Amino acid sequence: MTEPEPARVLIVCTGNVCRSPFIERVLAGMLPAGSGVVVESAGTGALVGSPMEPRAAAWTSRYAGEPAGFVARQLVPGLVASADLVLTATRRHRGEVATLHPRALSYAFTLRDFADLVADLPAPDTRGGDPRSRVRALVQAAAARRGLNPPLEAAETDIVDPFRGDDAMFVTMAQQVMGSLPVVARALAG
């Protein structure tokens, strides 16, 4: 018997050194072992080959994520096409994802919009389902809720970019992400 194919979650920001690696590594650490969900990240204007920004790495460690070994990479159409769910730092990033791969509009959300959409969904029946089918069903359920709830304002959905900012910006970024990430982790874990 072969292992089921994992679900792929792609996190997107600009440089892929602050927001998206923080989300990637903390989310991966929140998912239970054997969840079958692979979390990765990329940037629309990535600082390719760079490690995580030191303050982002410190916040990642603070939330039990593992920053070691992270290397920034550029967002390319193949990464978007192979993802089952794309979570972006801002609505502008979601637009850039859709420009690269138009079909992604059905499975791309900002992190905070996605958390809002799945927060009160009933727990899915995961018996006998493979991780990829489970995540795709979750994405379809979230997409079906678009328009039923009033959309979040941009200030509520976009995550501040702390790159080259002061320490307070990293605090704000971490607070914004952690206000949504536990909801997303629970939904992805089934």
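Bear in mind that the values here come from a model prediction, so they are computed numbers and not experimental data. Along each chain, residue indices are assigned from 1 in the same order as the chain's sequence is written. Local features in this predicted model are restricted to residues of pLDDT 70 or higher, and side-chain atom pairs are both shown and tallied only at a pLDDT of 80 or more, whereas totals for entire chains, interfaces and linings draw on every residue. To get the side-chain values, take all heavy atoms of the structure and skip hydrogens and water.

Asker: Help me understand helix α5 (residues 111-118) in this model?
Answerer: Side chains of residues three or four places apart in an α-helix project in the same direction, reflecting 3.6 residues per turn. Most of α5 is tucked away, with 7 of its 8 residues classed as buried. The buried label applies to any residue whose accessible area, calculated with a 1.4 Å probe on protein chains only, is under 20% of its type's maximum; exposed applies above 50%, and partly exposed to all values in between. Helix and strand definitions follow DSSP, with helices as H or I runs of at least four residues and strands as E runs of at least two, each counted in order from the N terminus. What α5 keeps buried is the set Leu111, Arg112, Asp113, Phe114, Ala115, Leu117 and Val118.

Asker: Just to check I follow, could you spell out the pattern of salt bridges for this structure?
Answerer: Oppositely charged side chains can pair when the atoms bearing their charge come close. Here, a salt bridge means any Lys or Arg side-chain nitrogen found within 4 Å of an Asp or Glu carboxyl oxygen. This model, assessed by the stated rule, comprises 12 salt bridges. The salt bridge partner of Arg132 is Glu5, with a shortest N-O separation of 2.8 Å. Residue Arg132 is located in helix α6 (residues 131-144), and its partner Glu5 is located in the segment before β1 (7-13); the two are separated by 127 residues in the primary sequence. Using a relative accessible area of 16% as the deciding quantity, one classes Arg132 as buried.

Asker: How should the sheet that holds β1 be read in this particular structure?
Answerer: Note: strands within a sheet are paired through backbone hydrogen bonds, in either parallel or antiparallel orientation. Pairing is parallel across the open sheet formed by 4 strands, whose spatial order is β2-β1-β3-β4. The outermost strands of the open sheet, each flanked by one partner alone, are β2 (37-43) and β4 (108-110). Put simply, the sheet's adjacent strands are angled 25° from each other on average, direction ignored. Strands qualify as paired when DSSP identifies two bridges or more between them. In this structure, β1 lies alongside β2, joined through 7 bridges in parallel fashion. If you follow Cys13 over to β2, its bridge partner there is Gly43. Sitting on the sheet, helix α1 (residues 19-30) is in contact with β1 and β2, with an inclination near 170° to β2. To get an axis, fit a line to the C-alpha atoms, keeping to the stretch in contact for a helix; angles then go from 0 to 180 degrees between the N-to-C directions. The criterion used for residue contact is that any of the two residues' heavy atoms lie within 4.5 Å.

Asker: Which parts of the structure should I look at to understand the pairing of β2?
Answerer: A regular strand carries its side chains on alternate faces of the sheet. Of all 7 residues in β2, 6 are buried, a share of seventy percent or more. By convention a crossover is right-handed if, when the strands point away from the viewer, the path from the first strand over the helix to the second runs clockwise. Each parallel crossover has a hand, and the one from β1 via α1 to β2 is right-handed.

Asker: Quick question: what am I supposed to make of unusual backbone geometry here?
Answerer: Peptide bonds are, in most cases, trans, and in most cases residues other than glycine have a negative phi. At Asn16, a position not held by glycine, the phi torsion is positive, near 60°. For Asn16, the position within the fold is in the loop between β1 and α1. Look at Asn16 and you get buried, because its relative accessible area is 0%. Not every positive phi belongs to a glycine, and Arg164 is a case in point at roughly 65°. Inspection of the secondary structure puts Arg164 in the loop between α7 (154-157) and α8 (167-178).

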